[in-house]
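# Breakdown of the fold
Listed here are the chains, written in short residue letters.
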Amino acid sequence: NAGVTQTPKFQVLKTGQSMTLQCAQDMNHEYMSWYRQDPGMGLRLIHYSVGAGITDQGEVPNGYNVSRSTTEDFPLRLLSAAPSQTSVYFCASRQGPEQYFGPGTRLTVT
Amino acid sequence: QQQVKQSPQSLIVQKGGISIINCAYENTAFDYFPWYQQFPGKGPALLIAIRPDVSEKKEGRFTISFNKSAKQFSLHIMDSQPGDSATYFCAASYSGGYNKLIFGAGTRLAVHP
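Per chain, residue numbering runs from 1 following the sequence as it is written. Chains carry letters from A onward and ligands carry numbers from 1 onward, assigned in written order. A pLDDT threshold of at least 70 governs which residues receive local features in this predicted model, and a stricter bar of 80 or more applies before side-chain atom pairs are shown or counted, although totals over entire chains, interfaces and linings include all residues. Side-chain figures throughout are based on the complete set of non-hydrogen atoms in the structure, without hydrogens or water.

## Let's talk about the overall build of chain A
In this text, helices come from DSSP runs of H or I with a minimum length of four residues, and strands from runs of E with a minimum of two, each type numbered from the N-terminal end. Check the secondary structure of chain A and you find zero helices and 11 strands. Mapped in sequence order, the helices and strands of chain A form the string β-β-β-β-β-β-β-β-β-β-β. Its C-alpha atoms give chain A a radius of gyration of 13 Å, near enough to 13 Å, the size a compact globule of 110 residues would have. Here the C-alpha coordinates of chain A stretch approximately 35 × 25 × 25 Å along the principal axes. Note on contacts: a residue pair is in contact if any heavy atoms of the two residues lie within 4.5 Å. A sequence separation of at least 24 residues applies to 53% of the contacts in chain A between residues at least 6 apart. Carbon and sulfur atoms form 50% of the exposed surface of chain A, whose accessible area is close to 5000 Å². Asp and Glu count as negative and Lys and Arg as positive, but His and the ends of the chain are not part of the count. To locate a charge, take NZ of a lysine, CZ of an arginine, CG of an aspartate or CD of a glutamate. With 8 positive and 8 negative side-chain charges, chain A shows a spacing of 11 Å between the two charge centroids. When we talk radius of gyration, it's over C-alpha atoms, and the globule rule is simply 2.2 Å times the number of residues to the 0.38. Computed with a 1.4 Å probe, the accessible areas rest on the Shrake-Rupley method; for each residue, only the protein chains presented here act as cover.

As structure tokens, then:
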């Protein structure tokens, strides 16, 4: 199993551009989440999904959209990137309490 | 409002020493307390977790101590090794709310040979 995969690994955007961060898991987990990691702030939950077609907001949802059309995929969309969205983004899936994290996407918005 | 407070921010330990990282939480509804380990360029990975019905859990060189009345828990790494050098995050959530895992700010541990 590949576990949780994320693409791209690195991305640089200009303010106002849009992009989609991809996340996929092959463990047939119902639950998936997106976190952002910033220095001194740990990981903060952006959005999560409890199954295909069902999503909900986390702690810091503003500026981000998600959808879950299949069990495997959970993309994160930035509609109009802002410098405040410069961060490392982690996707995770879980079955039970343990979260399995992907390798992350480092995003810089200039 | 930071619901899980972690200290210290960084820690330097000599090889063979004991590393201790502390966390305090506010929400008494929390009943699941994991520790995650993160190496540079990688995603966090579950290291060890505890529930409040026990005061201590040990897995190899890693031990969680839990104090329910003080709302505190800590990670002890015995016989610390250079390979333990990583960032450690404590976290908390409650049954039925595992999607909403609340993380501490992280501790960067460096173990010197």
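## A look at the interface of chain B and chain A
Taken together, the contact between chain B and chain A spans 17 residues of the former and 21 residues of the latter. Joining two parts hides part of their accessible area as seen by a 1.4 Å probe, and the buried area is that hidden amount summed over both. Note on chain B versus chain A: buried area summed over both sides is about 1600 Å², and carbon and sulfur give 56% of it. When the buried surface of chain B facing chain A is broken down by residue, Tyr98, Asn99 and Phe103 of chain B rank first, second and third, together holding 36% of it. Think of a salt bridge as a Lys or Arg side-chain nitrogen and an Asp or Glu carboxyl oxygen that are within 4 Å of each other. In this structure, the connection of chain B to chain A is made through zero salt bridges.

## Structural notes on a nonpolar patch on the surface
Residues and elements named next belong to chain B. On the surface, Ile18, Ile20 and Met78 cluster together to form a nonpolar patch covering roughly 240 Å² of accessible area. Here methionine 78 lies in the loop between strand E8 (72-77) and strand E9 (86-92). Relative accessibility under 20% of the residue-type maximum defines a buried residue, over 50% an exposed one, and the middle range a partly exposed one, all with a 1.4 Å probe and only protein chains included. The class of methionine 78 is partly exposed, set by a relative accessible area of 35%. Each patch is built from residues that are more than 30% exposed by relative accessible area and take part in no salt bridge. Like charges join if they lie within 9 Å; nonpolar side chains (Val, Leu, Ile, Met, Phe, Trp, Tyr) join within 5 Å.

## As for the side chain of glutamine 99 of chain A
Residue placement: glutamine 99 of chain A occurs in strand E10 (residues 99-101). For glutamine 99 of chain A, the side chain forms a polar contact with the side chain of tyrosine 35 of chain A, separated by 3.3 Å. Side-chain atoms alone can form a polar contact between residues adjacent in sequence; in general such a contact is a pair of N or O atoms within 3.5 Å, and within protein one must be able to donate a hydrogen while the other accepts it.

## Quick look at the layout of surface pockets
Grid points spaced at 1 Å and placed over the protein atoms alone form the basis of the search, with a cavity being a set where a 1.4 Å probe fits but cannot get out and a pocket an open set showing protein on both sides within 12 Å along at least five of seven lines. Lining residues have an atom within 4 Å of a point. Grid points are joined across faces, edges and corners, and a volume is the space filled by probe spheres set on the points. Looking at the largest pocket, its volume works out to about 760 Å³. In terms of lining residues, the largest pocket is bounded by 32 residues, among which Gln37 and Arg106 of chain A together with Gln38, Thr87 and Arg108 of chain B are the most central. Elements with a minimum of two residues in the lining of the largest pocket: strand E9 (87-94) and strand E11 (105-109) of chain A together with E9 and strand E11 (107-112) of chain B. If you tally residues by element for the lining of the largest pocket, the top one is E11 of chain A, at four residues. Looking at side-chain class alone, the lining of the largest pocket contains 11 nonpolar, 16 polar and five charged residues. Gly falls in the polar group here, along with every residue not listed as nonpolar (Ala, Val, Leu, Ile, Met, Phe, Trp, Tyr, Cys, Pro) or charged (Asp, Glu, Lys, Arg).

## A few points about the packing of aromatic side chains
Aromatic pairing here means that ring centres of Phe, Tyr or Trp (its six-membered ring) are within 6.5 Å. Orientation follows from the plane angle: under 30 degrees is stacked, over 60 is edge-to-face, and everything else is tilted. Within the structure shown, the criterion is met by 16 aromatic pairs over all chains. Plain terms: the ring middles of phenylalanine 90 of chain A and phenylalanine 101 of chain A are 6.4 Å apart, the flat faces sit at 85° to each other, and that makes the pair edge-to-face. You can see phenylalanine 90 of chain A sitting in strand E9 and its partner phenylalanine 101 of chain A sitting in strand E10, a full 11 residues away along the chain. A relative accessible area of 2% means that phenylalanine 90 of chain A is categorised as buried. Three or more aromatic residues link up through ring pairs in this structure, and these residues are Tyr35, Phe90 and Phe101 of chain A together with Tyr36, Phe89 and Phe103 of chain B. A positively charged side chain is recorded as over a ring if its NZ (Lys) or CZ (Arg) lies within 6 Å of the ring centre. The angle to the ring normal must also be within 35 degrees. Cation over ring: arginine 68 of chain A sits above phenylalanine 74 of chain A, and NZ or CZ is 6.0 Å from the ring centre. Here arginine 94 of chain A stacks its cationic end above the ring of tyrosine 31 of chain A, 3.9 Å away from the centre of that ring.

## Thoughts on the state of the cysteines
Only a pair of cysteine sulfur atoms within 2.5 Å qualifies as a disulfide here. Taken as a whole and judged by the stated rule, the model has two disulfides over all chains. Covalently, cysteine 23 of chain A is tied to cysteine 91 of chain A through a disulfide, its sulfur atoms 1.8 Å apart. What sets the handedness of the cysteine 23 of chain A and cysteine 91 of chain A disulfide is the S-S torsion sign, and at about -70° it is left-handed. In this pair, cysteine 23 of chain A is assigned in strand E3 (residues 19-25) and cysteine 91 of chain A in strand E9, connecting sequence segments 68 residues apart. In this model, cysteine 23 of chain B is linked to cysteine 90 of chain B through a disulfide, with the two sulfur atoms separated by 1.8 Å. Because the sign of the S-S torsion sets the handedness, a value of about -90° for the bond joining cysteine 23 of chain B and cysteine 90 of chain B places this disulfide among the left-handed ones.

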